[in-house]
Amino acid sequence: MLRVVLSRTFPRISGISNCQYSAAAIPVPSAQPEVHYNKLFINNEWQDAVSKRSFPTINPATGEVICQVAEADKADVDKAVKAAREAFRFGSPWRRMDASDRGLLLSRLADAIERDTAYLAELETLDNGKPYAVSYSVDVPMVVKCLRYCAGWADKWEGKTIPIDGDFFCYTRHEPIGVCGQIIPWNFPLLMQAWKLGPALATGNTVVMKVAEQTPLTALYVASLIKEVGFPPGVVNILPGMGPSAGSAIASHMDVDKVAFTGSTEVGHLIQQASGSSNLKKVTLELGGKSPNIIMSDANMAEAVEQSHFALFFNQGQCCCAGSRTYVQDTIYDEFMERSVERAKSRVVGDPFNMKTEQGPQVRNTEQFKKILGYISSGKREGAKLMCGGGVAADRGYFIQPTIFGDVQDGMTIAREEIFGPVMQILKFKTLEEVVERANDTKYGLAAAVFTKDIDKAHYISSGIRAGTVWINCYNVFGAQAPFGGYKYSGNGRELGEYGLDNYTEVKTVTIKVPQKNS
Amino acid sequence: CSFRDIALMSLAFSLVRFLLTPSVLLLCLSVIWGDQIFIDNEWHESCSGRKMPVHNPATGDLLCEVEEADTEDVDKAVQSARAAFQLGSPWRCMDASDRGLLLNRLADLVERDRLRLATLEALDSGKIFLMAYFVDLMATVKTLRYYGGWADKIQGKTIPVDGEYFTYTRHEPIGVCGQIIPWNFPVMMFAWKIAPALCCGNTVIIKPAEQTPLTALHMACLIKEAGFPPGVVNVLPGYGPTAGSAIAHHMDIDKIAFTGSTAVGKLIQKAAGDSNLKRVTLELGGKNPNIVFADCDLEYAVEQAHSGLFFNQGQCCLAGSRVFVEDSIYEEFVCRSAEKARNKVLGNPLVPGVDQGPQIDQKQFDKILELIESGKKEGATLECGGGPWNRNSLFIQPTVFSNVTDDMRIAREEIFGPVQQIMRFRSVNEVIQRANATHYGLAAGVFTNDIDKALTVSSALQAGMVWVNCYNAMSTQCPFGGFKMSGNGRELGEYALQEYTEVKAVTIKISQKNS
């Protein structure tokens, strides 16, 4: 699996020494990286919580406490919003800055993160449990690429001049929205931070970001880099805290102009409601999924098995775009199942700092852990066939065996609800029309994939599926250049790509009376 | 030209003082990094064995000799550029974001070598060192970074065509691009040309001017150091009628971009027609009107009109060389402009405090003096200057003519020297008509505090750039190019990308279309 990820991530050119990675080049990690920052980052300063409260962050591989982290609440959110508002004041250094210099700051941030790749990868693995080889060669490089990409947009986000009727001259300015609240999840802590910061800062906003209480450490280290590279105070504020307190304070704040949230559909509802009952702040949401992955009988079998495995099990199954409904055409169903089980059984589960490990622990979240085990029981109860796995994988930490269910029916809970764990559902289908209908029979619409060599089938399915991302003969292919977001209950708006900039921009139309218009 | 950072300026002054110690100057000269032809990431002697001399125009001293490219060398370079452009080559297979990264790396290297490049530029072209350092090199770095950012943002479209089809466009590089650049902003023009070409994925054969090849060759070193694959950029110092002509006529060059005189621009266009219909973009001459209304901020307008003409020894295609001043402020404007010109300090461009260097070479020098003489003869009033400065050198006194009428040669021909023409006008319609009565259409300026006048004049002027209450305000984000005989196409900004891409529409039959 890793090989697949790596080949996708590694640049193919040899000319650029700094961006050459290879498995051999991954430095041996320290499994106990030092934690430098555990406070709130407001106005480029480290601050204790107003309440003086803190919470423990835990290594999910061992269950041990890593350190205490200051816990932001409403009072801290108010402070951060004030700092962000001041940084956004008309005439402030941030507002007066050349767009190209905003881009340069983002580029410098990317450089600093690239410089500290090994440390950040260690910290991410410690706090989140994902295999170090993945943190090092997937998460951090994608962060760097995302920031560089957004940096380039800063001075290319162009308004228009518009030929309106009458003796007028009309143009648009793309202005930043203002103070943006951003709430990010624990499954890709660094990457989600970059996805949020990149477009918001490229377009000139200021940010109050709440990071997940399970994984606050890398975000705080990045905060120190934000200060190091020279962002003005107040432009980025990072608050570790809980959803119901700090998160809710952001979503309901009367002086936050926009909120962007990535997380569960359930909380997405709350965020939208909070906007409605406060100041109608703009809302973008990146929520759950139950993404179909469709394998046609003419697909390359080995490739389809490997990619479908990767589609579900990547990141311990903790991906909103996980391919958690694998629809396999009946004629190849048995072979596909056999090979998928074989692949899942060979998946190496264990210490995330071990280079051979493919799967670490689930993120430290007892509720989440129990929920996954609950889904596995429901699968058995409702009559799905357990092909492998099905239980806890170690006596300490939060490890779950790679699990596959066969003979899954569309009505079963495991085929309808997001599991967010290493549990793969394989379903059988006969015809193209049937599978498109079944694939769309969900409230979600985040991602989908189809494996086929037939160009007509590929187009039929990719245009028939109601999902924000469709992969053909591949899965989990992300580029900072390509937009990402969901149909239906999977979210509002798009992140990344040029589309991502729209969600951080107010368009202002300026119309000037002129004595006489000419073409 | 305005500097926003005084602190940086004083830093540069101290750098210059340090620089002027003989040992450092010697060091700068001894580190001319490239004096050969750069093909396939290697240094080559010319096929003919010929070399050409490179002089310091401020002193007439020989700086060095450089290998002189001719037709055979162009052929070699085209072969290398074509190989680098082959389907499946490292350059063609590279992620667009990595092309961008290479351009960013190149910008970092230029920044690292900024002092060295600025010194080389001042020695080779005679431009003021501080200008080279702050304006030319800054613009070079910014241009490279800007296009570094575009590389992975050049997006095609998917198009809702009629029928059961799926259609999308790919923005593909054109291929091997010939680029011919002038001597007035050698390193900046180099960046303007290669950056958009490379960010779109083309390969390049660039000929710097024979007067000023040194910074281009230094850039070649940095291109190799940054990690561009062999053959992607090839730098060929040489003369127009030989190497330049070979590029323009070449049957295997897909596109040519030229910056220079309108006369040569015509030859380039013809050569493309005579050979393989290569795509042509041209950035040519100008005789740019700068219109000053009575309601403007007078002191500021005088200052801007002055720098709009005298910047870079008047050697700018953008030079505001027809200053139209409204009747009621005419005398005052002329008086203050002459005063400003008289106060200019001529001298060694490396010395702090000097603000005008020599013209580039004898040919240009003679042409400028000849035009000054024509102005005197045709009845313009010489307010100041009017001749050479410091015998046996290439310096020309800052010259201001008033009472210039539209039919005089100095009001019609591009002088490309420190000679300012000031004309009188009475009404908006009159000045628009007179400003447009030229076969050029590169740039124009308007000074007024009246929003109606500003918008009326700026939309009526036939010019690729119109500056309102400013002049020479250029930035890499903003397109640059000419109407009429000032050129074809646009450089810089997003617009430049169109000049370096072919659009391919791919249409696929599908079994059933849905919205």
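Residues numbered from 1 in each chain as written. Chains lettered and ligands numbered in written order. Predicted model: local features only at pLDDT ≥ 70, side-chain atom pairs only at ≥ 80, totals over all residues. Heavy atoms only, no water.

### A word on the overall build of chain B
Logical step 1: On a plain count of helices and strands, chain B comes out with 18 helices and 22 strands.
Logical step 2: Relative to a compact globule of 515 residues, whose C-alpha radius of gyration would be 24 Å, chain B shows 24 Å and is just as compact.
Logical step 3: In terms of overall dimensions, chain B has C-alpha extents of about 75 × 60 × 45 Å along its principal axes.
Logical step 4: When each of the 515 residues of chain B is scored for burial, the buried share is 59%.
Logical step 5: Taking all contacts inside chain B whose residues are at least 6 apart in sequence as the whole, residues at least 24 apart take part in 75%.
Logical step 6: Carbon and sulfur atoms form 54% of the exposed surface of chain B, whose accessible area is close to 19,400 Å². (Helix = DSSP H or I, 4+ residues; strand = E, 2+ residues; numbered from the N terminus. Rg over C-alpha atoms; globule rule 2.2 N^0.38 Å. Buried < 20%, exposed > 50% of the residue type's maximum accessible area, 1.4 Å probe, protein only. Contact = heavy atoms within 4.5 Å. Areas by Shrake-Rupley, 256 points an atom, 1.4 Å probe, with all protein chains shown as cover.)

### Focus on helix H10 (residues 265–277) of chain A
Residue and element names in this part refer to chain A.
Logical step 1: With 13 residues, H10 should reach 18 Å at 1.5 Å per residue; the first-to-last C-alpha distance of 19 Å fits that figure.
Logical step 2: For H10, every residue scored as buried is listed here: Thr265, Gly268, Ile271, Ala274 and Ser275. Angular distribution of buried residues about the axis of H10 spans 165 degrees; they occupy a single face of the element. Across H10 from its buried face, at more than 90 degrees, point the exposed residues Glu266, Leu270 and Ser277.
Logical step 3: Tucked inside the fold, the buried residues of H10 contact strand S7 (179–183), helix H9 (243–252), strand S10 (258–262), strand S11 (282–286) and strand S17 (444–445). (Expected span 1.5 Å × (residues − 1). Arc of directions from axis to C-beta.)

### What to know about the sheet that holds strand S5 (residues 158–159) of chain B
Residues and elements named next belong to chain B.
Logical step 1: In space, the three strands of this open sheet follow the order S5-S6-S22, with antiparallel pairing throughout. Of all strands in the sheet, those bounded by a partner on one side alone are S5 and strand S22 (501–509).
Logical step 2: In terms of strand pairing, S5 meets strand S6 (residues 165–173) through two bridges, oriented antiparallel. Paired with Thr158 across the bridge in S6 is Tyr168. (Pairing = 2+ DSSP bridges.)

### Some remarks on the interface of chain B and chain A
Logical step 1: Contacts between the two partners involve 32 residues from chain B, matched on the other side by 31 residues from chain A.
Logical step 2: Roughly 2,800 Å² of surface becomes buried between chain B and chain A when both sides are summed, with 51% attributable to carbon and sulfur atoms.
Logical step 3: On the chain B side of the interface with chain A, the three residues burying the most area are Arg105(B), Lys153(B) and Leu455(B), jointly 17% of the side's total.
Logical step 4: At the boundary of chain B with chain A, the tally comes to one salt bridge.
Logical step 5: One salt bridge connects Arg108(A) with Glu111(B), and the closest N-O pair in it is separated by 4.0 Å.
Logical step 6: Our count for the chain B to chain A interface comes out at six residue pairs in polar contact (both at pLDDT 80 or more).
Logical step 7: Secondary structure elements with two or more residues in the side of chain B that touches chain A: helix H5 (96–112), helix H7 (129–150), helix H17 (451–460) and S22 of chain B. (Buried area = accessible area lost by both parts, 1.4 Å probe. Salt bridge = Lys/Arg side-chain N within 4 Å of Asp/Glu carboxyl O. Polar contact = N/O pair within 3.5 Å; in protein donor to acceptor, adjacent residues only side chain to side chain.)

### Details of the UniProt feature "domain: Aldehyde dehydrogenase" (unreviewed entry) in chain A
Logical step 1: According to UniProt, the positions carrying the feature "domain: Aldehyde dehydrogenase" (unreviewed entry) are residues 46–510 of chain A.
Logical step 2: Along residues 46–510 of chain A, the helical share is 40% and the strand share 20%, with 41 Å between the first and last C-alpha atoms. (UniProt positions renumbered as here; feature names shortened; annotations may be inferred.)

### Quick word on the packing of aromatic side chains
All names here are of chain A.
Logical step 1: Summed over all chains, the structure comprises 33 aromatic pairs over all chains.
Logical step 2: Relative to Trp46, the ring of Tyr37 has its centre 4.6 Å away and its plane inclined at 20 degrees; by these criteria the two rings are stacked.
Logical step 3: The structure contains a cluster of three or more aromatic residues connected by ring pairs, namely Tyr37, Phe41, Trp46, Tyr119 and Tyr221.
Logical step 4: The cationic tip of Lys258 hangs over the ring face of Tyr504; the distance from NZ or CZ to the ring centre is 4.3 Å. (Phe/Tyr/Trp six-rings, centres within 6.5 Å; stacked < 30°, edge-to-face > 60°. Lys NZ or Arg CZ within 6 Å of the ring centre and 35° of its normal.)

### Looking at the pairing of strand S13 (residues 322–326) of chain B
Residues and elements named next belong to chain B.
Logical step 1: Burial analysis of S13 places five of its five residues in the buried class, which makes it a mostly covered element.
Logical step 2: As defined by bridge partners, strand S12 (residues 289–292) adjoins S13 across four bridges and the pair is classed as parallel. Along S13, the bridge assignment pairs Val292 with Val325.
Logical step 3: In the classification by handedness, the crossover that spans S12, the intervening helix H12 (residues 298–310) and the parallel S13 is right-handed.
Logical step 4: For S13 and strand S18 (residues 419–425), the ladder comprises four bridges, and the chain directions are parallel. Residue pairing in the sheet places Val323 in a bridge with Ile422 of S18. (Right-handed = clockwise from strand over helix to strand, strands pointing away.)

### Regarding the UniProt feature "active site" (unreviewed entry) in chain A
Residue and element names in this part refer to chain A.
Logical step 1: Under the local residue numbering, the UniProt record ascribes the feature "active site" (unreviewed entry) to Glu286.
Logical step 2: Looking at the secondary structure, you find Glu286 in strand S11.
Logical step 3: Contacts of Glu286, omitting those with residues within four sequence positions, involve Phe261, Thr262, Gly263, Leu446, Phe484, Gly485, Gly486, Ser490 and Glu495.

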